[in-house]
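Structure at a glance
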Amino acid sequence: MSLLIKICGLKTPDMIDAALEAGVDLIGFVHFARSPRHLDLSDIGRLIRYVDGRAETVILTVNPDEDLLDHLLALDPDYIQLHGQETVERVAHIKERGVKVIKALAIGDQEDLAKVPRYADKADLLILDAKAPENAAHPGGNGEVFDWTLLKALDPDIKFMLSGGLTIDNVEQAIRDVQPFGLDLSSGVEVRKGEKDAGLIKEFMRRARA
Ligand SMILES: O=C(O)c1ccccc1N[C@@H]1O[C@H](COP(=O)(O)O)[C@@H](O)[C@H]1O
């Protein structure tokens, strides 16, 4: 089965077109004010309508309260991506609202693996990402790679998307070494923070699919 690939933090129709042409499966939009990829609700709504079912759409957010969730669900994304400290119970509650949920977990050491199975049981998709550096303005999207060898201790039946610092230079090694179910990335296909590049998206996808 081919790898499921999500590119996050897209901000313009042009970059959505580049991602679709390159064969990206999941198109992600960020709603988190401190991020250089942040979009307001009306822009996300407009871009979801632009995608128009040509790929699945994801809205990434961090510890959303019920009011924000109402606004995000009104935009009708296929997935909500939770990139904060949301509990397993919160994941279950959001799924009950009728949307698929991607849960991102930060992996920094062996102990972080203990929580993975419980989230894997509840979330529709699981992302394993690097821990944000201290003082980072946002908990993801920092281009940080974590120690992939930690994942050798994980139950091989758990399906996850590998994330954190994936680029055209390390994607082939990531696939070879980790053999993930999917890949998720943002800053690795940017020329400046928050500015995606069509050539990098195309080359990343070429190498990932090769
Ligand atoms: O991209 C952001 O700005 C962001 C903000 C808040 C939470 C998560 C964010 N990004 C997500 O982090 C991972 C890894 O990103 P990268 O490839 O290391 O840049 C990915 O899921 C991003 O969507």
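The rules we used
Residues numbered from 1 in each chain as written. Predicted model: local features only at pLDDT ≥ 70, side-chain atom pairs only at ≥ 80, totals over all residues. Helix = DSSP H or I, 4+ residues; strand = E, 2+ residues; numbered from the N terminus. Rg over C-alpha atoms; globule rule 2.2 N^0.38 Å. Buried ≥ 20, exposed ≤ 12 C-beta atoms within 10 Å, placed from the backbone. Core = buried A, V, L, I, M, F, W, Y, C linked by C-beta atoms within 7 Å. Contact = placed C-beta atoms within 7 Å. Near = placed C-beta within 6 Å. Nonpolar A, V, L, I, M, F, W, Y, C, P; charged D, E, K, R; others polar. Expected span 1.5 Å × (residues − 1). Arc of directions from axis to C-beta. Pairing = 2+ DSSP bridges. Right-handed = clockwise from strand over helix to strand, strands pointing away. Axes fitted to C-alpha atoms, helices over the stretch in contact; angles between N-to-C directions. Parallel < 35°, antiparallel > 145°, perpendicular 65-115°, else oblique. Left-handed = near helix turned anticlockwise from the far one by under 90°. UniProt positions renumbered as here; feature names shortened; annotations may be inferred.

As annotated in an unreviewed UniProt entry, the protein chain carries the name N-(5'-phosphoribosyl)anthranilate isomerase and comes from Maritalea mediterranea.

What follows covers the overall build of the protein chain. The number of helices and strands found in the protein chain is seven helices and ten strands. For the protein chain, whose C-alpha radius of gyration is 16 Å, the value lies close to the compact-globule estimate of 17 Å for 210 residues. Counting all 210 residues of the protein chain, 39% fall into the buried class.

Here we come to the nonpolar core. The biggest cluster of nonpolar side chains holds 55 residues, and the ones touching the most others in it are Ile7, Ala19, Ile27 and Leu126. Not counting residues within four places of it along the chain, the set of residues in contact with Ile27 comprises Ile7, Leu10, Ile16, Ala19, Val51, Ala55, Thr57 and Val58.

Around the ligand sit 29 residues, and of these Cys8, Ser35, Gly140, Gly141 and Ser187 come closest. For the shell around the ligand, the secondary structure elements donating two or more residues are strand 2 (26-30), strand 6 (125-130) and strand 8 (182-185). Of the residues contributing to the shell around the ligand, the split by class is ten nonpolar, 15 polar and four charged.

Count 3.6 residues to each turn of an α-helix, and residues three or four apart come out pointing the same way. The end-to-end C-alpha distance of helix 7 (residues 198-209) is 16 Å, a good match for the 16 Å that twelve residues give at a rise of 1.5 Å each. Within the sequence span of helix 7, burial applies to Ile201, Phe204, Met205 and Ala208. End-on view of helix 7: buried residues confined to an arc of 95 degrees, all on one side of the axis. Of the surrounding elements, those touching the buried residues of helix 7 are strand 1 (4-7), helix 1 (13-22), helix 6 (171-178), strand 8 and strand 10 (195-196).

With that settled, consider the pairing of strand 6. Most of strand 6 sits out of view: five of its six residues are buried. With six bridges joining them, strand 5 (residues 100-107) and strand 6 adopt parallel strand pairing. Residue Ala104 lies in a different strand from strand 6, and its bridge partner there is Ile127. In the classification by handedness, the crossover that spans strand 5, the intervening helix 5 (residues 116-122) and the parallel strand 6 is right-handed.

In the contact formed by helix 1 and helix 7, the axes pass within 9 Å of each other and the chain directions differ by 20 degrees. What the angle tells us is that helix 1 and helix 7 run roughly parallel. By crossing handedness, the relation of helix 1 to helix 7 is classed as right-handed. On helix 7, the residues touching Met15, Ala18, Ala19 and Ala22 of helix 1 are Ala198, Ile201, Lys202 and Met205. Residues of the contact of helix 1 with helix 7, tallied by class, amount to seven nonpolar, no polar and one charged.

A separate point is unusual backbone geometry. Although it is not a glycine, Asn63 sits at a positive phi angle of roughly 45 degrees. Looking at the element boundaries, Asn63 is found in the loop between strand 3 (56-61) and helix 3 (66-73). The partly exposed category is assigned to Asn63, around which 13 C-beta atoms lie within 10 Å. Positive phi values are uncommon outside glycine, yet Asn135 reaches one of about 70 degrees. Tracing the sequence through the fold places Asn135 in the loop between strand 6 and strand 7 (161-163).

With that settled, consider the pairing of strand 3. Where strand 2 lies against strand 3, five bridges are found, and the strand directions are parallel. Each bridged residue has a counterpart across the sheet, and for Leu26 the counterpart in strand 3 is Glu56. The parallel pair strand 2 and strand 3, bridged by helix 2 (residues 41-51), forms a crossover whose chirality is right-handed. Each parallel crossover has a hand, and the one from strand 3 via helix 3 to strand 4 (residues 79-82) is right-handed.

Before going further, it helps to examine the UniProt feature "domain: N-(5'phosphoribosyl) anthranilate isomerase (PRAI)" (unreviewed entry) in the protein chain. Sites flagged by UniProt as "domain: N-(5'phosphoribosyl) anthranilate isomerase (PRAI)" (unreviewed entry) map to residues 5-205. The span residues 5-205 carries 30% helix and 22% strand; its end-to-end C-alpha distance comes to 8 Å.

Right, let's talk about the packing of helix 6 against helix 7 for a bit. For the pair helix 6 and helix 7, interaxial distance at closest approach is 8 Å and the crossing angle is 30 degrees. Relative to helix 7, the element helix 6 is oriented roughly parallel. Considering how the two elements wind past one another, helix 6 and helix 7 form a crossing that is right-handed. In contact with Val171, Glu172 and Ile175 of helix 6, helix 7 contributes Phe204, Arg207 and Ala208. For the contact of helix 6 with helix 7, the per-class residue count stands at four nonpolar, no polar and two charged.

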